[in-house]
Amino acid sequence: MKENSCCDAGTGTCSSGIQIQPAFPKITEDEVCCGPPAGPPSSPFERPGYRICGFVDNFIELKSGRIPRVKSVLSISDLAGTVMTRIGINRNNYKVAPGLYGIGNPDPDSPVLVTANYKLSFDNVRKELKYTDAWLLVLDTRGINVWCAAGKGTFGTEEVVRSVKAAGLDTIVSHRNLILPQLGATGVSARQVKKECGFQVAWGPIRAADIEKFLNSGMKADQTMRRVTFTAMERLVLIPVEISISLKPMLWIVLVVFILSGIGPDFFSVKAAWTRSLMGVAALAGGVFAGAVLTPAFLPKIPGRAFSIKGAITGILTAAGILLWYRQDAGLLELSALLLFTMAVSSFLAMNFTGTTPFTSPTGVEKEMRRAIPVQIAAVVLAGFAWIGAGFSG
Amino acid sequence: MKDFRYLEGVTTLDLKEEKCIGCGACETVCPHGVFKMENKKAVMVDKDGCMECGACALNCPASAIQVTPGVGCAAYIIQTWVKGKEAASCGGEKAACC
């Protein structure tokens, strides 16, 4: 109740000594001369050219400035944003402003948690901090998640140091500790951060869901908190993007399939192009399904260490279905072409999935690619010749 | 990771035991449990589990660990073959992935 009266008054101080100001004032009923009552006045926190984000609850007034306090519950709009970004829409621009935020009722002794300004990362962290008072230092990772940004260097030593200084963190907290997600270690040297800004980096757990447990146990991480996983659910959420990035190349391939399908004794037959390209597109779709959906979904169950092999296997299985479907409509030459094409597409897309996994090394991927790509190219070229050949003989 | 294994004998990870001062940073930051502290020295207990993320090398105060980290993204590797390392781009608005 004491907190509520602070908020209503707008000027009171609360138990932690920090002033709470609501982000938006209560709706008042101003009398007007005519028509319905005027709407509420704008929030005193709005600034020309800036809009207050929906995830901001209110503001913490400090001597050095105003720190937004963020909600620890995600809204429908946050969830919609998550879905969009997982499908691949607006994925490269899904960010929050970098800088210092607060969650709960942070004070000068509260821990400082560091994360990336990719909104999905930001949302994943704040939704796990329901019972925690902390400062949230968001780095400018250009809208990229923690681990990828760490690999690129944007979630890096320099950015940590820059952010700490820009936020004036040494005037806001009395301690000199930062808690970074473990996967940030790929880009951040804890020793170097201490040298350059005086703050000691502690490596927090890999998953945000473990942060509260980590803090409550006195900053102790058990082994599961320090190991990356790749569960079925973690693999499945990656599939929509794998498909969406294939869509544009697929359109071009469909065009090529159409042209190749029409080549025959009459130079180019639209009728042949139409009927035959349907089969080609089915093979393409089958290859995409095998490589971008089946392979990620069943990854650990598919034989073979190399992903190109796994993709070839799911490719054969899917091609078997396609061949069965078209066994009356296509000759042996065409069926062989469809098989090769499906397998090559599936193998290539599965190989591409290595970049989305947390356990493949770049050296291993390059080795795999040097072996697999020539085979994939050969398969597609052979399929192309067989397809054209069948246009003359079939 | 125990359930997920990739190619063996490919990692560029290298630990110089004589330089190790036993601080344990590598054991803490490795997301795959490649290192374990034994008798105050780091030991690679699962070298093939290494994905070359580079966290260990970056955080080793004694520079006892070397690894060539990189992007394990097939599309990027193809670009470095075709365009050369400088011209290959990873990121920007047109990038398909990151």
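**As for the overall build of chain A**
Looking only at helices and strands, chain A features 15 helices and ten strands. Over its C-alpha atoms chain A spans a radius of gyration of 28 Å, topping by over 25% the 21 Å that the globule rule assigns to 394 residues. Projected onto the principal axes, the alpha-carbon positions of chain A cover approximately 90 × 65 × 30 Å. For chain A, buried positions account for 41% of its 394 residues. For chain A, long-range pairs separated by at least 24 residues make up 65% of all intrachain contacts whose partners lie at least 6 apart in sequence.

**Brief notes about the overall build of chain B**
A count of helical and extended segments in chain B gives three helices and four strands. Ordered by position in the sequence, the α and β elements of chain B form the string β-α-β-β-α-β-α. Here chain B holds 98 residues, and 38% of them are scored as buried. A fraction of 44% describes how many contacts in chain B between residues 6 or more apart in sequence connect residues 24 or more apart.

**Quick look at the packing of helix H5 (residues 157-166) of chain A against helix H7 (residues 190-197) of chain A**
Residue and element names in this part refer to chain A. Remark: H5 packs on H7, axes separated minimally by 9 Å, with the N-to-C direction vectors making an angle of 35°. Like other packed secondary-structure pairs, H5 and H7 cross with a definite hand, here right-handed. For the pair H5 and H7, the contacting residues are Thr157, Val160, Val161, Val164 and Lys165 in the first and Gln192, Val193, Glu196 and Cys197 in the second. Partitioned by chemical class, the residues of the contact of H5 with H7 number five nonpolar, two polar and two charged.

**A look at the environment of Glu368 of chain A**
Tracing the sequence through the fold places Glu368 of chain A in helix H15 (residues 362-393). Through-space distance from the C-alpha of Glu368 of chain A to that of Ser72 of chain A is 43 Å; in sequence the pair is 296 residues apart. Apart from the residues within four sequence positions on either side, Glu368 of chain A is in contact with Ala306, Phe307, Ser308 and Met351 of chain A together with Leu7 of chain B.

**Remarks on the interface of chain A and chain B**
In this complex, chain A contributes 37 residues to the contact, which on the side of chain B involves 36 residues. In terms of residue count, H15 of chain A provides more of the side of chain A that touches chain B than any other element does, eight residues in total. Looking at the side of chain A that touches chain B, its residues break down into 18 nonpolar, twelve polar and seven charged.

**Considering the confidence of the model for chain B**
Residue and element names in this part refer to chain B. Within chain B, residue pLDDT values average 86, and 82% of them lie at 70 or more. For residues 91-96, every residue scores under 50 in pLDDT, and the model assigns this stretch seven contacts once sequence neighbours within four places are set aside. For this predicted complex, the interface confidence comes out at an ipTM of 0.90, alongside a pTM of 0.88.

**Some remarks on the nonpolar core**
By size, the foremost hydrophobic cluster in this structure holds 75 residues, and its most contacted members are Val114, Leu136, Leu137 and Val188 of chain A together with Cys26 and Cys56 of chain B. Counting residues in hydrophobic clusters, the runner-up holds 41 residues, among them Leu294, Leu349, Met351 and Trp387 of chain A.

**Some thoughts on the confidence of the model for chain A**
Mean pLDDT for chain A: 92, with 92% of residues reaching 70 or above. pLDDT under 50 marks residues 1-12 of chain A. Its contacts with residues more than four places away, or in other chains, come to twelve contacts.

**Looking at helix H14 (residues 332-352) of chain A**
With 21 residues, H14 of chain A ought to run about 30 Å at 1.5 Å a step, and its terminal C-alpha atoms sit 30 Å apart, in line with that. Counted residue by residue, H14 of chain A has 18 buried out of 21 residues, so it is predominantly covered.

**A word on unusual backbone geometry**
All names here are of chain A. Within the chain, Asn90 stands out as a residue other than glycine whose phi angle is a positive 60°. Under the C-beta neighbour-count criterion, Asn90 is labelled exposed, with 12 such atoms within 10 Å. Unlike most non-glycine residues, Arg142 shows phi in positive territory, near 60°. Relative to the elements of secondary structure, Arg142 occurs in the loop between strand E6 (134-139) and helix H4 (146-152).

**Quick look at the pairing of strand E8 (residues 200-204) of chain A**
Residues and elements named next belong to chain A. In the sheet, strand E7 (residues 177-181) pairs with E8 via five bridges, with the strands oriented parallel. Bridged to Ile179 within E8 is Ala202. This β-α-β element, E7 to H7 to E8, shows right-handed connectivity.

**A look at the environment of Gly9 of chain B**
Along the chain, the position of Gly9 of chain B falls in the segment before strand E1 (14-15). It is 9.9 Å that separates the C-alpha atoms of Gly9 of chain B and Gly49 of chain B, two residues lying 40 residues apart in sequence.

**Quick word on the pairing of E6 of chain A**
Residue and element names in this part refer to chain A. Where burial is concerned, most of E6 is hidden: six out of the six residues are buried. Alternating positions in E6 separate into two faces, Ala134, Leu136 and Val138 on one and Trp135, Leu137 and Leu139 on the other, with burial throughout. Looking at chain direction, strand E4 (residues 99-103) and E6 are connected through five bridges and run antiparallel. Counted as the bridge partner of Gly99 is Val138 from E6. Across five bridges, the pairing between strand E5 (residues 112-116) and E6 is parallel. Bridging across to E6, Thr115 finds its partner in Val138.

**What about the packing of helix H11 (residues 247-262) of chain A against helix H12 (residues 270-297) of chain A?**
Relative placement of two packed helices is described by the angle separating their axes and the distance separating the axes. Residue and element names in this part refer to chain A. Two elements in contact, H11 and H12, have axes separated by 7 Å at closest approach and are oriented at 140°. When the axis of H11 is compared with that of H12, the two are oblique. In this structure, H11 meets H12 at a crossing whose hand is right-handed. Facing H11, whose interface residues are Met250, Ile253, Val254, Val257, Phe258, Ser261 and Gly262, H12 presents Val270, Ala272, Ala273, Arg276, Ser277, Gly280, Val281, Leu284 and Val288. Taken together, the residues of the contact of H11 with H12 sort by class into eleven nonpolar, four polar and one charged.

Reading guide: rules and limits
Residues numbered from 1 in each chain as written. Chains lettered and ligands numbered in written order. Predicted model: local features only at pLDDT ≥ 70, side-chain atom pairs only at ≥ 80, totals over all residues. Helix = DSSP H or I, 4+ residues; strand = E, 2+ residues; numbered from the N terminus. Rg over C-alpha atoms; globule rule 2.2 N^0.38 Å. Buried ≥ 20, exposed ≤ 12 C-beta atoms within 10 Å, placed from the backbone. Contact = placed C-beta atoms within 7 Å. Axes fitted to C-alpha atoms, helices over the stretch in contact; angles between N-to-C directions. Left-handed = near helix turned anticlockwise from the far one by under 90°. Nonpolar A, V, L, I, M, F, W, Y, C, P; charged D, E, K, R; others polar. pLDDT = per-residue confidence, 0-100. Core = buried A, V, L, I, M, F, W, Y, C linked by C-beta atoms within 7 Å. Expected span 1.5 Å × (residues − 1). Pairing = 2+ DSSP bridges. Right-handed = clockwise from strand over helix to strand, strands pointing away. Parallel < 35°, antiparallel > 145°, perpendicular 65-115°, else oblique.

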